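# Notes for the structure review
Listed below are the residues making up each chain.
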Amino acid sequence: MPPYIVDTNNGTSVEDFQIREKLLAKLKKRFTTYGYKQIRTSTFEYYDMYSTVKGTVNKDDMIKVIDSSGKVLVLRPDVTIPITRMAAVSKQDSLRLFYVLDIFRQSIEQADTKENTQAGIEYFGENTSENNAEVLMLAIHTLKDLKLPNFKIEIGHAGFFKALIAEASLSQTEMDQLLALIQSKNIAEIELFLSELSINNDVKRAIQSIPMLYGNPTDVIRQAEEIILNEEMQLLLENLREVYEVLKNYGAEDSIVFNLGLINHMNYYSGIIFQGFADSVGKPVLMGGRYDNLGKQYGAAVPAIGFAFDVDLLLHALTRQEAFPDQAPSADMIIYYEKEKQKNALTTAFRLRSEGYQVLTFLTGTTNTIDSKSAIHYENNQNVLIHNNEKRTFTNFTELYENILQFGKGDM
Ligand SMILES: N[C@@H](Cc1c[nH]c[nH+]1)C(=O)O
């Protein structure tokens with residue numbers, strides 16, 4: 001029998017879902033503290049939105065669907081693009097938006113991964129070092145919340161490399177080849193590749209040193225100054241230095257490294273770009289950058305910067321490192337009751353649930369494997385509340401609730 005559900009995601013068990021929800025709650029809470037508001041975009045989008053603009057998702061990677069009128073749609077392959085279109089159409093600036101949405105892409109390298117959840121933010125605002133640093137700080141703050149040991153944000157610049165390459169006047173194919181070599185930091189191959197091109201030696205030397213421009217920001221800036229070939233490169237390096245200065249004022253310098261060989265797969269980026277890495281995951285758990293020109297393709301210049309976490313990778317990192325904290329018991333309270341006390345027990349359950357407690361009820365004697373922080377027993381001759389091995393008897397709901405609140409001052 002053919003499979004009817006294409007389940008490309010691992011981690012679809014009930015337990016995994018609970019961990020995932022907790023992770024998402026943390027991310028959302030942090031995004032909110034920086035002034036972001038949640039939105040969603042449509043799952044189905046017109047193929048034209050992607051096929052007619054430059055610098056979007058690779059056409060072959062999109063998953064296409066035909067609607068009943070024969071129009072070609074795609075399943076949302078990216079969130080930044082539709083949100084930018086919305087911002088461009090509404091001509092709003094200073095917008096801070098966040099999302100938790102699935103994106104659908106299929107590449108040859110990862111044919112069996114089609115569906116991925118992203119938790120991301122987009123900030124429509126001017127290209128200033130303060131704005132850029134604030135967004136980077138949000139990424140760092142969120143990673144700190146998750147207590148992922150040894151995480152790092154690598155910061156680069158989409159324009160720095162372009163400004164350098166512009167000196168070499170390469171064909172598109174040569175450019176793509178070179179980008180791939182730089183991305184894999186394949187120094188010997190880069191040398192070989194460049195030796196076959198007729199370009200000036202200073203340019204060659206500069207391109208060759210790009211993969212080495214990695215590490216402590218101050219050192220990288222110093223080394224990068226030595227290969228500057230034009231004003232544009234000088235200016236962009238200065239921008240990066242300024243962002244670093246603001247990040248230092250946040251006290252975040254330990255979480256960042258500079259990587260001027262950094263290349264992000266989306267080519268709408270126009271300025272600072274970055275990726276987040278955690279121990280034990282080979283791929284970046286977050287990617288982002290500034291994309292000031294994307295809005296123009298939808299009718300309005302809306303400078304913007306943003307990033308997205310790959311939620312599935314984050315979960316993988318958290319479970320691999322057992323870094324996911326507070327795996328709480330499955331319920332706050334369990335009420336066990338004798339049949340004669342069913343009415344008391346069930347009304348108590350109703351009132352406690354109305355107060356927001358997570359409550360389960362069982363007839364006394366029922367086998368139960370679920371943990372809880374406290375237990376309430378409605379026995380024939382008495383009612384007992386048990387919390388951390390401490391017992392309190394009670395006669396009515398008011399008394400019970402007072403005891404719960406007292407215990408609650410401790411840890412409930
Ligand atoms: N949409 C980008 C991430 C991003 C959000 N904002 C800017 N960049 C991606 O899928 O990699």
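Going by the annotation in an unreviewed UniProt entry, the name recorded for the protein chain is ATP phosphoribosyltransferase regulatory subunit, with Virgibacillus indicus given as the source organism. Recorded in UniProt under Subunit (unreviewed entry), the annotation for the protein chain is "Heteromultimer composed of HisG and HisZ subunits." Quoted verbatim from the Subcellular location (unreviewed entry) heading of the UniProt record, the comment on the protein chain is "Cytoplasm".

### Focus: the packing of aromatic side chains
All chains considered together, the criterion is met by eleven aromatic pairs. Both rings, one in F397 and one in Y401, keep their centres 5.6 Å apart while their planes meet at 15 degrees; by these two values the pair is stacked. In this pair, F397 and Y401 are both assigned in helix α13 (residues 397-410), four residues apart and thus about one turn of the helix distant. With relative accessibility at 15%, the residue F397 sits in the buried group. Residue classification places Y401 among the buried positions, given a relative accessible area of 19%. Members of the aromatic cluster, each reached through a chain of ring pairs, are F31, F98, F274, F307 and F309. Its end group placed over the ring of Y36, R96 keeps NZ or CZ at 6.0 Å from the ring centre.

### Examining the packing of helix α4 (residues 129-145) against helix α10 (residues 231-249)
The geometry of α4 relative to α10 is characterised by a closest axis approach of 9 Å and an angle of 55 degrees between their N-to-C directions. As judged from the angle between their axes, α4 and α10 are oblique. In the crossing of α4 with α10, the sense of the turn from one axis to the other is right-handed. Contacts from S129, E130, N132, A133, L136, M137 and I140 in α4 reach E242, V243, V246 and L247 in α10.

### Re the site of the ligand
Around the ligand, the structure places 15 residues, and the nearest of them are D78, T80, E122, Y268 and Y269. Take D78: an N or O atom from its side chain is 2.8 Å from a nitrogen atom of the ligand. At 2.9 Å, a side-chain N or O of R105 approaches an oxygen atom of the ligand. Calculation on the ligand without its partners gives an accessible area of 300 Å², and the protein chains cover 98% of this total. For the shell around the ligand, the secondary-structure elements that each account for two or more residues are β6 (115-124), β11 (286-290) and β12 (304-310). Broken down by element, the residue count for the shell around the ligand peaks at three residues, all from β12. Residue classes in the shell around the ligand are distributed as seven nonpolar, five polar and three charged.

### Quick notes on the sheet that holds strand β16 (residues 383-387)
What the five strands build is an open sheet, ordered β14-β13-β15-β16-β17; its pairing is mixed. The strands lining the two open edges of the sheet, one partner per strand, are β14 (359-363) and β17 (390-393). Mean inter-strand twist for the sheet, computed between neighbouring axes without regard to direction, equals 20 degrees.

### Let's talk about helix α7 (residues 187-195)
Buried within α7 we find I190, F193 and L194. All buried residues of α7 project into a common sector of 95 degrees when viewed along the axis, lining one side. Away from the buried face of α7 by more than 90 degrees, exposed residues A188 and L192 are located. Elements in contact with the buried residues of α7: α6 (172-183) and α8 (201-209).

### A short note on the UniProt feature "binding site: L-histidine" (unreviewed entry) in the protein chain
In the numbering used here, UniProt assigns the "binding site: L-histidine" (unreviewed entry) feature to D78, V79, T80, R105, Q118, E122, Y268 and Y269. As for its position among the elements, T80 is in helix α3 (residues 80-90). Those residues in contact with T80, other than ones at most four positions away along the chain, are Y99, E122, Y268, Y291 and L294. Its place among the elements puts Y268 in the loop between β9 (256-259) and β10 (272-277).

### Details of the nonpolar core
The nonpolar side chains of a soluble globular protein tend to be buried, and buried together. Residues F31, I153, I155, L178 and F307 are the most contacted members of the largest nonpolar core, which totals 77 residues. Among all residues touching L178, those that are not within four sequence positions of it are F161, I165, L170, I190, F193, L194 and I207. Grouped together as the second largest cluster of nonpolar side chains are 30 residues, V79, A158, Y269 and Y291 included.

### Focus on the side chain of T41
Structurally, the position occupied by T41 is in the loop between β1 (37-38) and β2 (44-46). The class of T41 is buried, set by a relative accessible area of 6%. Once residues within four sequence positions are removed from consideration, T41 is found in contact with R76, V79, P82, I83 and L101.

### Focus on the pairing of β11
Counting buried positions over the five residues of β11 gives four, a clear majority of the element. Relative to β11, β10 runs antiparallel, the two sharing four bridges. Bridge pairing links F274 to G288 in β11.

Conventions and cut-offs
- Along each chain, numbering runs from 1 in the same order as the chain's sequence is written.
- Local features are withheld for residues below a pLDDT of 70 in this predicted model, meaning they are given only at 70 or higher, and side-chain atom pairs are given and counted only at 80 or more; totals for whole chains, interfaces and linings count all residues.
- The basis for every side-chain value is the complete set of heavy atoms in the structure, and neither hydrogens nor water enter the calculation.
- UniProt positions are given in the numbering used here, feature names are shortened, and annotations may be inferred rather than shown by experiment.
- Classification of ring pairs rests on two measures: the distance between centres of Phe, Tyr or Trp rings, Trp counted by its six-membered ring, which must be within 6.5 Å, and the angle between planes, read as stacked under 30 degrees, edge-to-face over 60 and tilted in between.
- Secondary structure follows DSSP: runs of H or I at least 4 residues long count as helices, runs of E at least 2 residues long count as strands, and numbering of each begins at the N terminus.
- Classification of residues uses two cut-offs on accessible area relative to the type maximum, computed with a 1.4 Å probe and protein chains only: under 20% is buried, over 50% is exposed, and between them is partly exposed.
- Only when the NZ of Lys or the CZ of Arg is both within 6 Å of the ring centre and within 35 degrees of the ring normal is a charge said to sit over the ring.
- For helices, the fitted line uses only the C-alpha atoms of the stretch in contact; every axis is such a line through C-alpha atoms, and the angle between N-to-C directions lies from 0 to 180 degrees.
- Should an angle fall under 35 degrees it is taken as roughly parallel, and over 145 as roughly antiparallel, whereas 65 to 115 is taken as roughly perpendicular and any remaining angle as oblique.
- For a crossing to be left-handed, the near helix must be turned anticlockwise from the far one by less than a right angle; the clockwise case is right-handed.
- Note on contacts: a residue pair qualifies if any of its non-hydrogen atoms lie within 4.5 Å across the two residues.
- One heavy atom suffices: a residue is near a molecule or strand as soon as one of its heavy atoms comes within 4 Å of it.
- Whenever a nitrogen or oxygen atom comes within 3.5 Å of another N or O atom, the pair is scored as a polar contact, on the condition that within protein one atom can donate a hydrogen and the other can accept it, and that pairs from neighbouring residues in sequence are kept only if both atoms are in side chains.
- Residue burial considers only the protein chains on display, and all accessible areas are found by Shrake-Rupley using a 1.4 Å probe.
- Charged means Asp, Glu, Lys or Arg here, nonpolar means Ala, Val, Leu, Ile, Met, Phe, Trp, Tyr, Cys or Pro, and polar covers whatever is left, Gly included.
- DSSP calls a pair of strands paired once it identifies at least 2 bridges connecting them.
- The directions considered for the arc run from the helix axis to the C-beta atoms.
- Nonpolar cores were defined as sets of buried Ala, Val, Leu, Ile, Met, Phe, Trp, Tyr and Cys residues, with membership established by side-chain atoms within 4.5 Å.

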